[in-house]
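# Structural overview
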Amino acid sequence: MPDTHDVSPPRSGRSPTILLVDDEPTPRAEAARLLRSGLGLRVCEARDGRHALRVFRRYRGRIDLVLIDFIMPHMDGGELAERVRDVDPRVPIVLMSEPLVGEAAELLAGYSDFPFLEKPFSSPELHRAVAPLLSRRASLPWRRASGSWRRRSGRDGVSS
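Residues numbered from 1 in each chain as written. Predicted model: local features only at pLDDT ≥ 70, side-chain atom pairs only at ≥ 80, totals over all residues. Heavy atoms only, no water.

## Details of the overall build of the chain
Short version of the rule: Comment: elements are numbered from the N terminus, with helices defined as DSSP H or I runs of at least four residues and strands as E runs of at least two. Residue exposure (1.4 Å probe, protein chains only): buried if accessible area is under 20% of the type maximum, exposed if over 50%, otherwise partly exposed. Whether two residues touch is decided by their heavy atoms; if any such pair falls within 4.5 Å, the residues are in contact. Working definition of accessibility: Shrake-Rupley area with a 1.4 Å probe, residue cover restricted to the visible protein chains.
Counting its regular elements, the chain contains 6 helices and 5 strands. For the chain, the succession of helices and strands along the chain, N to C, is β-α-β-α-β-α-β-α-β-α-α. Residues counted as buried form 46% of the 160 residues belonging to the chain. Long-range contacts, defined here as pairs at least 24 residues apart, represent 72% of the contacts in the chain between residues at least 6 apart. For the chain, the accessible area works out to roughly 8,000 Å², and carbon and sulfur atoms hold 51% of it.

## Describing the nonpolar core
Rules: What we call a nonpolar core is a set of buried Ala, Val, Leu, Ile, Met, Phe, Trp, Tyr and Cys residues that are connected through their side-chain atoms within 4.5 Å.
If you look at the biggest cluster of nonpolar residues, it comprises 26 residues, and the most contacted ones within it are Leu19, Val21, Val66, Ile68, Leu80 and Leu95. Where this core is concerned, the elements lending two or more residues are strand E1 (17-21), strand E2 (42-46), helix H2 (49-58), strand E3 (65-69), helix H3 (77-87), strand E4 (93-97) and helix H4 (102-109). Discounting chain neighbours no more than four positions away, the residues touching leucine 80 are Val21, Gly49, Ala52, Leu53, Ile68, Met72 and Met75. By size, the runner-up hydrophobic cluster in this structure holds 19 residues, among which are Ala31, Leu41, Leu67 and Leu134.

## A look at H4
Going by this rule: It is the directions from the helix axis to the C-beta atoms whose arc is reported.
Taken together, the buried positions of H4 are occupied by Ala104, Leu107 and Leu108. Buried residues of H4, viewed axially, fall in a sector of 100°; they line one side. Facing away from the buried side of H4, by more than 90 degrees, are the exposed residues Glu106 and Ala109.

## Some remarks on the packing of aromatic side chains
Two aromatic rings, taken as a pair, are described by how far apart their centres are and by the angle between their planes. In plain terms, the rule: Two rings from Phe, Tyr or Trp (for Trp, the six-membered ring) form a pair when their centres sit within 6.5 Å of each other. Planes less than 30 degrees apart are called stacked, planes more than 60 degrees apart edge-to-face, and all others tilted.
All told, the structure shown has 2 aromatic pairs when counted by the stated rule. Seen in terms of ring centroids, tyrosine 111 and phenylalanine 114 are 6.4 Å apart; in terms of plane orientation they differ by 40°. Their pairing is tilted. Accessibility classification places tyrosine 111 together with phenylalanine 114 in one group, the buried group. Within the aromatic cluster, the residues linked to one another by ring pairs are Phe70, Tyr111 and Phe114.

## Observations concerning the pairing of E4
Here is the key point about a regular strand: its side chains alternate between the two faces of the sheet. Under the convention used in this document: A pair of strands is considered paired only if DSSP assigns at least 2 bridges between the two. Think of it like this: strands point away, you trace from the first strand over the helix to the second, and a clockwise trace means the crossover is right-handed.
When you tally the buried positions in E4, you get 5 out of 5 residues, the bulk of the element. Of the two faces of E4, the one lined by Ile93, Leu95 and Ser97 and the one lined by Val94 and Met96 are each fully buried. Pairing of E3 with E4, which is carried by 4 bridges, proceeds in the parallel orientation. Paired with leucine 67 across the strands is valine 94, a residue of E4. Taken together, E3, H3 and E4 form a β-α-β motif whose crossover is right-handed. Pairing of E4 with strand E5 (residues 116-118), which is carried by 3 bridges, proceeds in the parallel orientation. When the sheet's bridge partners are listed, serine 97 is paired in E5 with glutamate 118.

## Section: the side chain of aspartate 48
As a reminder, the rule being used: By the counting rule applied here, Lys and Arg register as positive and Asp and Glu as negative, while His and the ends of each chain are not counted. For salt bridges, the criterion is a side-chain nitrogen of Lys or Arg within 4 Å of an Asp or Glu carboxyl oxygen. N or O atoms within 3.5 Å of each other form a polar contact, as long as, within protein, one can give a hydrogen and the other can take it, and as long as residues adjacent in sequence are counted only when both atoms are side-chain atoms.
Looking at the secondary structure, you find aspartate 48 in the loop between E2 and H2. Despite its burial, aspartate 48 remains without a salt bridge, the nearest opposite charge being carried by arginine 47 at 4.3 Å. One polar contact links the side chain of aspartate 48 to the main-chain amide nitrogen of histidine 51, over a distance of 2.8 Å. Beyond its immediate sequence surroundings of up to four residues, aspartate 48 is in contact with Val21, Met72, Pro73 and His74.

Shown next as structure tokens:
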């Protein structure tokens, strides 16, 4: 059965393809709209980290940038970013989230190698975050960060 969240699978062409990952349908739809109509990009959507990783692997080499919500169920954005980098370290990644406080903000600080976009964002803010990365599309240095939100919060039964 086709997955209704795989919108506009990557195709050959001049427009870059963004893998947009957000577990909340409304913000995901709004970001997809801004990417498509505001920036003229192709968008492939994923509803969570696990789904995104499957989509990324399936379309390896055809995704030009990954835009990831930081706080998600099953696999947080930091963990997904690390797994995407394990598959292809050259793909630029941008993390996004509502303003974070406390432990979540501390965890985000551990992913300082990745650009961050605060939600809600406008089309110009989104453009400023993704355009330079799409034009470079170069190998970005990275390191594995301190640990996922679930491991730090004990949600997966592992404490740190």
